[in-house]
Amino acid sequence: MHILVTGGAGYIGSHTLIELYKAGHTAVVVDNLSNSNPESLRRVAQIIGVDRIPFHQTDIRDREGLEAVFTKHHFDACIHFAGLKAVGESVAKPWEYYENNISGTLVLVDVMRKHDCKNIIFSSSATVYGDPAEIPITEQCPKGQCTNPYGWTKSMLEQVLTDIQKADPSWNVVLLRYFNPVGAHPSGRIGENPNGTPNNLMPYITQVAVGKRPQLGIFGNDYPTPDGTGVRDYIHVVDLANGHVSALKAIECVCGLAIYNLGTGHGYSVLDMVNAFQRVNGVTIPYTIQSRRPGDIATCYSNPAKAEQELGWKAKFGIDDMVRDSWNWQRLNPDGYNEN
Ligand code: NAD
Ligand code: UD1
């Protein structure tokens, strides 16, 4: 299939491009580079062994720009990663988050239907479950109250895409609810490249390991979990990338609306992650215990059985692979893409 990948220069998009090409698909990237560097696409092309990945530096809110891309290419489907994703920033700048993520998706979907491309895979998040009503979380678990505007954009866009598919059943919509993506391509050539202070656990750990930050702050050790620290379902980004290739099968089977959790089904605590990182990589991670982060929940992990049953997709990488590949990327690229 020929795929439009919005946000393809970013962390998950760049890894997904590799798995798409490995599976025999081709792709065109649209990205405004607001949170990425085109160096990622140069490295993806090297890894795949092609001259270049077709790329348009276009904002998905720019209707004319998108029209030009759709006039130039015929797409079988769109994998829609483009969006702003920093939780804290979304609390400070809600208008910017709603405008970018929601207006952008509305323009994208409108241009898609005008060009008769009605197949979309959307990057959603476990954040739509709020404080989950059940653990492990199945897709039947009711959506909950999000604690920030970023989370609401995901929850609202799920509803928008669901309603569009209901009104016009010739659409195929796949909502993928990611748990906690970590790790990097095993080559160490591409990985996560956060701007400023990382919000998420794994990039914070790797920046401590490489000497950029003195120590990790662990946000609370008094949760009702085995060691008191928060438990999450960390998933290797290459497994997550392959989940998108599998989701294309749902589109080929004319799924209508389909929702899948993409997680491993295993919950690891913050201390589990720190200990695994130290053991596998032989690096010490100093840490202090701090107060809880507002909006955090104790435990969140998936039941990923539906994706296995219906798509034949299952995460293959374990915690040791995740911490090894996260460190490999950071070690080889201490300043991310900015140094080369
Ligand atoms: P990322 O920031 O690395 O990638 C997103 C890309 O979208 C960036 O390259 C950015 O430049 C681009 N972009 C943003 N707004 C755009 C616009 N208006 N027009 C064109 N391009 C635009 O993030 P990521 O971690 O790769 O996440 C990809 C998607 O998955 C996002 O939608 C994110 O919300 C979602 N998601 C991520 C996580 C995670 O932990 N990384 C978890 C759940 C869901
Ligand atoms: C965060 C986002 C969520 C997003 C998810 C996946 C928040 C409130 N939520 O969730 O919307 O979908 O990432 O990208 O940010 N931790 C520390 N110290 C740190 C960083 C994190 O102890 O410096 C702890 C957290 O308290 C948590 C765990 O590590 O228990 C994971 O945190 P994080 O990586 O931010 O992911 P989530 O909290 O799951």
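Novice: Is there a simple way to explain the overall build of the chain in this structure?
Specialist: The helix and strand inventory of the chain stands at 11 helices and 14 strands. For a compact globule of 340 residues, the expected C-alpha radius of gyration is about 20 Å, and the chain comes in at 19 Å, within 12% of that figure. C-alpha atoms of the chain, sized along the principal axes, occupy 55 × 45 × 40 Å. Burial statistics for the chain: of 340 residues in total, 56% are counted as buried. Summed over its atoms, the accessible surface of the chain is roughly 14200 Å², and 49% of this surface lies on carbon and sulfur atoms. Taken together, the 29 basic and 35 acidic charged side chains of the chain have centroids lying 2 Å from each other.

Novice: Just checking my understanding: could you explain the site of ligand 2 for this structure?
Specialist: Taken together, 20 residues are adjacent to ligand 2, and Ser-125, Gly-217, Arg-232, Arg-293 and Asp-296 come closest. Here Phe-219 contributes a backbone N or O atom positioned 2.9 Å from an oxygen atom of ligand 2. Those elements that place two or more of their residues in the shell around ligand 2 are α7 (201–209) and β8 (216–219). Top element by residues in the shell around ligand 2 is β8. It accounts for four residues. Tallied by class, the residues present in the shell around ligand 2 amount to 10 nonpolar, seven polar and three charged.

Conventions and cut-offs
- Residues numbered from 1 in each chain as written.
- Chains lettered and ligands numbered in written order.
- Predicted model: local features only at pLDDT ≥ 70, side-chain atom pairs only at ≥ 80, totals over all residues.
- Heavy atoms only, no water.
- Helix = DSSP H or I, 4+ residues; strand = E, 2+ residues; numbered from the N terminus.
- Rg over C-alpha atoms; globule rule 2.2 N^0.38 Å.
- Buried < 20%, exposed > 50% of the residue type's maximum accessible area, 1.4 Å probe, protein only.
- Areas by Shrake-Rupley, 256 points an atom, 1.4 Å probe, with all protein chains shown as cover.
- Lys, Arg positive; Asp, Glu negative; His and termini not counted.
- Charge placed at Lys NZ, Arg CZ, Asp CG, Glu CD.
- Near = heavy atom within 4 Å.
- Polar contact = N/O pair within 3.5 Å; in protein donor to acceptor, adjacent residues only side chain to side chain.
- Nonpolar A, V, L, I, M, F, W, Y, C, P; charged D, E, K, R; others polar.

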